[in-house]
Amino acid sequence: MSSTPLFTTPPPPLPYKRTTLSSTTDAAATNFPPSPDKLALLLDKSNSIHHLLQIHAALLRHGLHQHPIIKFKLQRSYSSLGRLDCSLALFNRTLNPNIFFYTSIINAHALHGLSQEALFIYTRMLFEGVQPNEFTFSSILKSCSLEHGKMLHSQVIKLGFDSDLYVKTGLVNLYARGGDIGSARLVFERMLEKSLVSLTTMLTCYAKHGELEGARLLFDGMVKKDVVCWNVMIDGYAQHGMPNEALVLFRRMLAAKARPNEITILAVLSACGQLGALESGRWLHSYIESNDIQVNVRVATALIDMYSKCGSLEDARLVFDRIRDKDVVAWNSMIVGYALHGFSRDALELFHEMRRTGLSPTDITFIGVLGACGHAGLVKEGWSFFNAMRDEYEIEPKIEHYGCMVNLLGRAGRLEEAYELVKNMKIEPDPILWGALLGACRLHSNLDLGEKIAEFLVDHNLANSGTYILLSNMYAAKGDWEGVARIRTLMKDSGVHKEPGCSSIEVNNRVHEFLAGDLKHPKSKEIYMMLVEMNGWLKAHGYTPQTDIVLHDIGDVQKEQSLEVHSEKLALAYGLISTQPGTPLKIVKNLRVCPDCHAATKLISKITGRKIIMRDRNRFHHFVNGSCSCRDYW
C-alpha cells in the first residue's frame, strides 16, 4: 500500500471528501500557503507534538513564523503539549512581546510548578514596561510562594484588579496553600460574586487545614455541588479522623445522584479502613465493580489497605494477586497488612518475593518489614534489615524506622539496647519514640529507666497524656499510690486528660461505639444481660479475672466489676446478641487491648465457637478456639 509523503503536493481531493487535520497539515506544507486563520485553526486543533512540528516546519517554509497571532498560538500549543523548552525558545525570539505572550509563558511555567522562573519572567515584563492584566495575575498566583504572593496582592490592589473574580479566587488559593486561613477567609468574604471554583477553593482551604465545621457550613450552603466539592468534604473528614462522617456524607452523595469518581472511592475506602467497617468496605468494592469504575493500581492498593485494616487478609490477598503490574506501593500495602496482623513470616517472604521481581524497596517497605519483626520478636532479623537500609539500599532511616526498632528491642526486653539506640540517633527523637520506650519499661516493670525517661520528657516539655499514664501505671503496679497521686496532680496542673478507651463493632453496615461502662446504647439492657452470661461462661471454665492490672487503689470486688465493663467486652457482648451463632466478630479498639480482655476473649472464642478479630492501637489479634495469633506476645 502506497502513501503520500507529507511535504509533497497531494492529488486533487475527491468530491465531497471530508478534510482531516492530517490532510490540512499536508496542505500547509505545500507551495500554496493557507491563510493565517486556517493555520491558527490548525494550531488550536493540534493534539500531538508530531503534528505541531509539522505545522511549525510549514510556517518556517512559508515565512509565516513571525505572524503575531500564529506565533502566539504556536507558543501556547508547545507548552500545552509538554514542550515548555520550545515554547520558551519561541518567546525569547519574539520582538517586543505583548501582554498575551507574557501571560501565556508565565502561565505555562506556573502550571509546571516553576514558580521562580514564572516570577522572573513577570519581573522582566514589568521592566520592559508591559502592564499585567487580570489573566497575568491569575496565572502567576497559581504557584508562587506566600511571601511573593503578598507582594503580588499589593500590585493587584494598586492596579485595580482586586475586584476581578479570577484574581480573587487565585488570591484565596494562594493564602490557602500558604496556610494563612485568616487571609484566605478575608479575601473570600469580600468577594461580591462567588463562582463554583472560588467556593471549592475556600472549601478545600478549610478541609485541608482541619477546619471541618467551617467547611461543612460552606458546603451545606452551596446551591450547586459538583463531584469535586463532595470529594473535598468527604476526604476532609477521612483525613482528619472523622471516618463516620465521611461515610454518612458519601451515602448522602449517592442519594443526591452525584456520581463518585476515583478520588471519592479512595477517600471512602480510607474511612472504612479507619473504622474497621468491613461490610461497608465490601459494599463499596461491589459498587466499584458494578459501576465500571476502573480498578487501577491506586484503587487496588486502597482496597488492600482497607481489607487489611478491616481484618480480612484473605480479601486483601485476593485483590493483590489480581493486580497485573504491581508497583512498589502495592507490594508495600500487602507487606504492611501481613505485619499488622502479626503474620511476620508471610510479610518477610513477600518482601523477598518483591525483590525477586526487580523492584527496590522504599522507606515504607522497611516500616512494614521492621514492624513484622517487632510483632514476632525477630531481633536478629530486625537489626539485619535496619542496617541494610543504609548499607545496601541507601535509604536513610527515619523516625518511624527507629520507632520500629525501639518497639522490637523493647518488647524483647532489651531496654538498655533500645535506650542506647535512641540516645545515639542522628535525628531528634520525638515524643512517640520516647513513648514506645516508656511503654516497654512499663511492660517489663523497669521503673528506674521509666522514671528517667519521663523526667526527661517533662523537663523538655515533650510529655503528653501517654507519658503520664504510663508512669502512673508503673507506680500503681508497684503499689506506690503516692506516686500515682503525684502524677495525677501533675496531669491536672498541666491540663492533660487521659484518652478514654473506645471500642467499636460493625453490625448490619452500622458502626456501634462503646466506652468503658457505657450505658448510652439503645440495647444497653440486653448488652449487660449478655455480660452476665459471659462472666458465667468464663467462671465455669475456671477463669480468674486479672485484677492486678486494675491500677486503682480499690478492693478486689470493685476491680472485678471494673474489668467486666471494659469497652472491648461491651462491643463483644453486642456482637454476640446481634449476629447469628458462628458469625465472625470484628472489633476495633483505639488503645492497646488490656491483658484481662485479651485472656477473656481467647476463652470466649472457644466457648462460642466463633472467630473474633480485634484490632487495637498496635496490631490485629485473631482469636480462634481459645488461642490468639499473637501467641501472647504483644
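Everything here concerns the structure above.
Note that the structure is predicted; figures quoted are calculated from it, not measured.

Across the sheet, six strands lie side by side as β2-β1-β3-β4-β5-β6; this open sheet has mixed pairing. A single partner strand is all that each edge strand has here, and the edge strands are β2 (510–515) and β6 (627–628). Against the sheet, helix α33 (residues 595–608) touches β4 (612–615), β5 (620–624) and β6, its axis set at about 35° to β5.

Another aspect to go through is the packing of helix α23 (residues 379–391) against helix α24 (residues 399–411). Running from N to C, α23 and α24 point in directions that differ by 165°, and their axes come no closer than 10 Å. One finds that α23 runs roughly antiparallel with respect to α24. Both α23 and α24 take part in a crossing whose hand is left-handed. Of α24, the residues touching α23 (which contributes Val379, Gly382, Trp383, Phe386, Met389 and Arg390) are His401, Tyr402, Met405, Leu408 and Leu409. Looking at the contact of α23 with α24 residue by residue, the classes come out as eight nonpolar, two polar and one charged.

With that settled, consider the packing of aromatic side chains. Applying the stated criterion across every chain, the model contains 16 aromatic pairs. Their ring planes at 55° and their centres at 6.2 Å tell us that Tyr122 and Phe137 sit as a pair that is tilted. Highlighted residues: Tyr122 in helix α7 (residues 115–127) and Phe137 in helix α8 (residues 134–140), separated in sequence by 15 residues. Assessed through its relative accessible area of 3%, Tyr122 is described here as buried. Look at Phe137 and you get buried, because its relative accessible area is 0%. Judged by centre distance (6.5 Å) and plane angle (70°), the rings of Phe250 and Trp283 are edge-to-face. Here Trp283 lies in helix α17 (residues 278–290) and Phe250 lies in helix α15 (residues 243–255), a separation of 33 residues in the sequence. One aromatic cluster in this structure is built from Phe351, Phe366, Phe385 and Tyr393. The aromatic ring of Phe188 is capped on one face by Lys194, whose charged end is 5.0 Å from the ring centroid. Across from the ring centre of Phe219, 5.0 Å away, lies the NZ or CZ of Lys225, which sits over that ring.

Here we come to the environment of Trp331. Along the polypeptide, Trp331 turns up in helix α20 (residues 328–340). Trp331 sits 19 residues away from Leu350 along the chain, and the two C-alpha atoms are 7.9 Å apart. Discounting residues that sit within four places of it in the chain, Trp331 has contacts with Phe320, Lys326, Leu350, Glu353, Met354, Thr357 and Leu359.

Evaluated as defined, the whole model comprises 16 salt bridges. Here Asp220 makes a salt bridge to Arg252, at a shortest N to O gap of 3.4 Å. One end of the pair, Asp220, is in helix α13 (residues 212–220); the other, Arg252, is in helix α15, and 32 residues separate them in sequence. On the basis of relative accessibility, which here comes to 35%, the residue Arg252 falls in the partly exposed class. In this structure, Asp321 and Arg317 form a salt bridge, with 3.0 Å as the shortest nitrogen-oxygen distance. Of this pair, Asp321 and Arg317 both sit in helix α19 (residues 313–322), four residues apart, roughly one helical turn.

Of the two faces of β4, the one holding Ile612 and Met614 and the one holding Ile613 and Arg615 are both buried throughout. In the classification by handedness, the crossover that spans strand β3 (residues 585–589), the intervening α33 and the parallel β4 is right-handed. Pairing between β4 and β5: four bridges, direction antiparallel. In the strand pairing of β5, Met614 is matched with His621. In this structure, the hairpin formed by β4 and β5 is closed by a connection of four residues.

Bringing the side chain of Ser308 into the picture now. Inspection of the secondary structure puts Ser308 in helix α18 (residues 297–309). Ignoring sequence-local partners within four residues, the contact set of Ser308 consists of Leu313, Ala316, Gly337, Leu340, His341 and Phe620.

Moving on: the pairing of β5. With four of its five residues buried, β5 lies for the most part within the structure. Of the pairings in the sheet, the one linking β5 to β6 comprises two bridges and is antiparallel in character. Each residue of the ladder has a partner; that of Phe623, found in β6, is Cys628. Counting the residues that bridge the hairpin from β5 to β6 gives two residues, and of these Asn625 lies at a positive phi of roughly 50°.

Cut-off values and rules
Residues numbered from 1 in each chain as written. Predicted model: local features only at pLDDT ≥ 70, side-chain atom pairs only at ≥ 80, totals over all residues. Heavy atoms only, no water. Pairing = 2+ DSSP bridges. Helix = DSSP H or I, 4+ residues; strand = E, 2+ residues; numbered from the N terminus. Contact = heavy atoms within 4.5 Å. Axes fitted to C-alpha atoms, helices over the stretch in contact; angles between N-to-C directions. Parallel < 35°, antiparallel > 145°, perpendicular 65-115°, else oblique. Left-handed = near helix turned anticlockwise from the far one by under 90°. Nonpolar A, V, L, I, M, F, W, Y, C, P; charged D, E, K, R; others polar. Phe/Tyr/Trp six-rings, centres within 6.5 Å; stacked < 30°, edge-to-face > 60°. Buried < 20%, exposed > 50% of the residue type's maximum accessible area, 1.4 Å probe, protein only. Lys NZ or Arg CZ within 6 Å of the ring centre and 35° of its normal. Salt bridge = Lys/Arg side-chain N within 4 Å of Asp/Glu carboxyl O. Right-handed = clockwise from strand over helix to strand, strands pointing away.

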